[in-house]
Amino acid sequence: MTTARLTLNLDALVTNWRNLDALTNCETAAVVKANGYGLDAGRVGKALAKAGARNFFVAIAEEGVALRRAIGPGPGISVFAGHMEGDAKLLRDFQLTPMLNSLDQMLRHFESLPGHPFGVQLDTGMNRLGMEAAEWAAVRDIALSQGPVLLMSHLACSDASNHPMNAHQLQNFLDLTEGLDLPRSLAATGGLLLGRNYHFDLCRPGIGLYGGLPFGDALPVAQLDLPVIQIRSLDPGETVGYGNGWTAQRPSRIATVAAGYADGLHRALGSGQVQVYAGDTPCPVAGRVSMDLITVDVTDLSNDPSHLSILNERQTVDTLADAAGTIGYEILTSLGSRYARSYTG
Ligand SMILES: *Cc1c(COP(=O)(O)O)cnc(C)c1O
């Protein structure tokens, strides 16, 4: 079979959730937007619900619908985009809780779905989503009369624990929610790791569940094994791949594996950037990553491998991210649809 295999370790996912939860005294929800950071929101949601997660967050209502179908009634599903035009039916039929972002959304929500649960997103300085102080002051009493289930905001710099923006946003959040006896949430993975002051009533980690930084103690969740389609011998001086990206300096063996940048293995991962593993043995990528294929120098292996692994315990999503000049989030969410996916645990 020439399909690369993406294996997701649901036990590791659950362990990451439990270990993050153990760092707090509050509820730990799970962010499963973008199809569970590319890893399958339904599977992730089912595994975490079984482990005890009671609340999930998605980006848009349609993601909430898919998640509800997968996990069934019971756990809460909240929508960061809030209540967008045309969402009322989905929010109602699939019991989704919009995190309202503006006065407009608030009016839309109270008019079309009176009595339906909602939360409120406040902007504490990121200037991306949520109500600013003046807007919140204007609508606060109306909002409170309708009983929001959560007041939330989001940190811009929580992956940098020393960044002064963290304390600044924390203070803004305290100011905006002072004296209100309502559940509050400020922290994603980074904020959770900043300590108790940032936890409030609910933390909402995403990337840490999936094995990514800033949760340095995360267990890897995704493993990627690439089948070897061909192995060839090269004489010194022969070249490999587009642009003659690699030249043999010695008699060499090159393995061609079936995955490329169309599968989310960014073109920036060419020669010198990452290794591909035969068991424990690292083998360098030779030349450029092409759309469907990667060439690997396996000269130093004593046998011909049938598979090589590019994502594993030794080489995490963050290693690939560093090499490609991006972040683990983008590596995960770029993993394509061509993989044969399997789940352990
Ligand atoms: C994506 C997101 C999260 C989760 O962030 P991680 O850094 O992946 O833990 C939490 N809250 C909001 C509003 C988000 O957009």
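Every value quoted in this text rests on a predicted model; they were computed, and no experiment measured them.

### Some remarks on the environment of Asn 127
Argument step 1. With respect to the helices and strands, Asn 127 occurs in the loop between strand S7 (119-121) and helix H7 (133-145).
Argument step 2. According to the relative accessible area criterion, Asn 127 is exposed, its value standing at 58%.
Argument step 3. Residues Asn 127 and Ala 156 lie 29 residues apart in sequence; the distance between their C-alpha atoms is 9.1 Å.

### Considering the packing of helix H1 (residues 10-21) against helix H3 (residues 41-51)
Argument step 1. Between H1 and H3, the least distance of the axes is 10 Å, while the angle of their chain directions is 55°. The pairing of H1 with H3 is recorded here as oblique in orientation. Between H1 and H3 the crossing geometry is right-handed. Contacts between H1 and H3 pair Leu 10, Leu 13, Val 14, Trp 17 and Arg 18 from the former with Arg 43, Val 44, Ala 47, Leu 48 and Ala 51 from the latter.

### Things to note about the UniProt feature "active site" (unreviewed entry) in the protein chain
Argument step 1. The UniProt entry lists Lys 33 and Tyr 242 under the feature "active site" (unreviewed entry), expressed in the numbering used here. In three dimensions, the annotated residues from a span of 210 residues occupy distinct locations, with a maximal C-alpha spread of 36.0 Å. Lining the largest pocket, from this annotated set, are Lys 33.
Argument step 2. Looking at the secondary structure, you find Lys 33 in helix H2 (residues 33-37).
Argument step 3. Excluding residues that lie within four positions of it along the chain, Lys 33 makes contacts with Phe 57, Val 58, Ala 59, Glu 63 and Phe 80.
Argument step 4. Take Tyr 242: it is sitting in the loop between strand S12 (239-240) and strand S13 (246-247).
Argument step 5. The contact partners of Tyr 242, leaving out residues within four places of it in the chain, are Arg 288 and Ser 290.

Scoring rules and cut-offs
- Residues numbered from 1 in each chain as written.
- Predicted model: local features only at pLDDT ≥ 70, side-chain atom pairs only at ≥ 80, totals over all residues.
- Heavy atoms only, no water.
- Helix = DSSP H or I, 4+ residues; strand = E, 2+ residues; numbered from the N terminus.
- Buried < 20%, exposed > 50% of the residue type's maximum accessible area, 1.4 Å probe, protein only.
- Axes fitted to C-alpha atoms, helices over the stretch in contact; angles between N-to-C directions.
- Parallel < 35°, antiparallel > 145°, perpendicular 65-115°, else oblique.
- Left-handed = near helix turned anticlockwise from the far one by under 90°.
- Contact = heavy atoms within 4.5 Å.
- UniProt positions renumbered as here; feature names shortened; annotations may be inferred.
- 1 Å grid on protein atoms, 1.4 Å probe; cavity = no way out; pocket = protein on both sides within 12 Å on 5 of 7 lines; lining within 4 Å.

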